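# Observations on chain architecture
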Amino acid sequence: MFVWSKLSASRSADLWEERFAENKDGTLVINSFPGRKMVCLEFYSETQAPVKAVQKIYGGKVKHLKTQNWAAHASQTPPPVKVRDTFVICAAKTDAEIEKARAKFPGREIIAVPADMAFGTGHHATTATVLRLLVDAAEERQAAGKKWSMADLGCGSGILAIAADKLGATRVWGCDYDPAAVKISKENAERNETPKVRFTKVDVLKWEPKQQWDIVAANIFFDVLEAAFPQLVRSVAPGGVLMLSGILKSQAKACLAAGKRAGFVVEKVVTKGKWVTAMGTVK
Ligand SMILES: C[S@@+](CC[C@H](N)C(=O)[O-])C[C@H]1O[C@@H](n2cnc3c(N)ncnc32)[C@H](O)[C@@H]1O
């Protein structure tokens, strides 16, 4: 694994996201910290050429990482993220660290997601927005005394599925086409004492849903959403909702139009930075 890194003004973070949005040769990680004016940009690739190409355009440093656990190399431990009054997402790894987080944030449920190979530490705008929608949707269902189930498509670290379990979902399933993400999700479910959550390796593009869920969350990327809308819509139980994220602002119109053609009825759109999250019902 190779990594390119560079410091940049935090106000330019969106610009960097956009610059790298179409770069399929690696993964951009933006490490930002509340109250700090700089962000640390990191671009990871399996091979050296893509990171060298980035360095040639933007300067910065290139390093060869000998271990695969690349995200753990992120320059600093990310600060905890609060979601409504309900959760604190933190990078605690061990039971002792989780206990420490519980003591620091009384009254909140802790979700421990150490930086790892899979996406989803709660810091990205898309994850944070879906988490908020999930908390609100769970509260509504709880107030109405309804039982509910949840599917997390493109589970990454498993964060959304774990949150759904902690919010009271009775049946939770997550999937990812990346076996490393599935493994990490299972480890995170164990770490967070949510053993009922199931994770499987599934490519959503080749998926034929055999069940339905009351809440289906898919924070995947617009091109996968566009292609998978028929399956996504079919996987939502009657009266259920679909939460979609991973859509860049510039792609939202086309993506949501494709969703509408497949039967997605948008009820709420949240824009955070350059990212759009949409929630709605299905016909
Ligand atoms: C943006 S991350 C979201 C992770 C996590 N759910 C979150 O909200 O933070 C997208 C995830 O979708 C997975 N993914 C991308 N295309 C997929 C596909 N066709 N089928 C299943 N998973 C996919 C990626 O491996 C990645 O883990």
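None of these values were measured; they are calculated from a predicted model.

This part takes up the site of the ligand. In the vicinity of the ligand lie 20 residues, with Thr127, Gly154, Asp176, Asp203 and Asn219 positioned nearest. At 2.7 Å from an oxygen atom of the ligand is found a side-chain nitrogen or oxygen belonging to Thr127. Contact distances for the ligand include 3.4 Å between a nitrogen atom and a backbone N or O atom of Cys155. Computed on the free molecule, the ligand has an accessible area of 600 Å², of which 94% lies beneath the protein chains in the complex.

This brings us to the packing of aromatic side chains. Within a pair of aromatic rings, the relevant descriptors are the distance that separates the centres and the angle that separates the planes. This structure, assessed with the given rule, holds 11 aromatic pairs. Consider the rings of Trp4 and Phe20, whose centres lie 5.8 Å apart with planes at 25°: the pair is stacked. With Trp4 in strand 1 (residues 2–9) and Phe20 in helix 1 (residues 13–21), this pair connects stretches of sequence that are 16 residues apart. Residue Trp4 is classed as buried on the basis of its relative accessible area of 0%. Ring geometry for Phe229 versus Phe264: centroids 6.2 Å apart, planes at 20°, classification stacked. Of the two residues, Phe229 is situated in helix 7 (residues 222–234) and Phe264 in strand 13 (residues 264–272); the sequence distance between them amounts to 35 residues. For Phe264, a relative accessible area of 2% corresponds to the buried category. An aromatic cluster of at least three residues, connected via ring pairs, comprises Trp4, Trp16, Phe20, Phe43 and Tyr58. Taking NZ or CZ as reference, Arg19 lies 4.5 Å from the ring centre of Trp16, over its face.

Glancing now at the sheet that holds strand 14 (residues 275–282). Reading across from one edge, 10-9-8-11-12-14-13 is the order of the seven strands in this open sheet, with mixed pairing throughout. The open sheet is flanked by strand 10 (198–201) and strand 13, the only strands paired with a single partner. Here the strands of the sheet are splayed against their neighbours by 15° on average, with no regard to which way each runs. Across four bridges, the pairing between strand 9 (residues 171–176) and strand 10 is parallel. Opposite Asp176, over in strand 10, you have Lys201 as the bridge partner. Across the face of the sheet, helix 8 (residues 249–262) comes into contact with strand 12 (236–248), strand 13 and strand 14 while running at roughly 155° to strand 12.

This part takes up the sheet that holds strand 7 (residues 109–112). Pairing in this open sheet of three strands is mixed, and the strands run 5-6-7 from one edge to the other. Every interior strand has two partners, whereas the edge strands, strand 5 (81–83) and strand 7, have only one. Each strand of the sheet is rotated relative to its neighbour by a mean of 25°, with strand direction disregarded. The pairing of strand 6 (residues 87–90) with strand 7 spans four bridges and is parallel. Bridge pairing links Cys90 to Ala112 in strand 7.

Where burial is concerned, most of strand 11 (residues 213–219) is hidden: seven out of the seven residues are buried. Looking at chain direction, strand 8 (residues 149–153) and strand 11 are connected through four bridges and run parallel. The residue bridging Leu153 from the neighbouring strand is Ala218, located in strand 11. With six bridges joining them, strand 11 and strand 12 adopt parallel strand pairing. Directly across from Ile215, in strand 12, lies its bridge partner Val241. Where the polypeptide runs from strand 11 across helix 7 and back to strand 12, its parallel neighbour, the crossover connection is right-handed.

What counts and how
Residues numbered from 1 in each chain as written. Predicted model: local features only at pLDDT ≥ 70, side-chain atom pairs only at ≥ 80, totals over all residues. Heavy atoms only, no water. Near = heavy atom within 4 Å. Polar contact = N/O pair within 3.5 Å; in protein donor to acceptor, adjacent residues only side chain to side chain. Areas by Shrake-Rupley, 256 points an atom, 1.4 Å probe, with all protein chains shown as cover. Phe/Tyr/Trp six-rings, centres within 6.5 Å; stacked < 30°, edge-to-face > 60°. Helix = DSSP H or I, 4+ residues; strand = E, 2+ residues; numbered from the N terminus. Buried < 20%, exposed > 50% of the residue type's maximum accessible area, 1.4 Å probe, protein only. Lys NZ or Arg CZ within 6 Å of the ring centre and 35° of its normal. Pairing = 2+ DSSP bridges. Axes fitted to C-alpha atoms, helices over the stretch in contact; angles between N-to-C directions. Contact = heavy atoms within 4.5 Å. Right-handed = clockwise from strand over helix to strand, strands pointing away.

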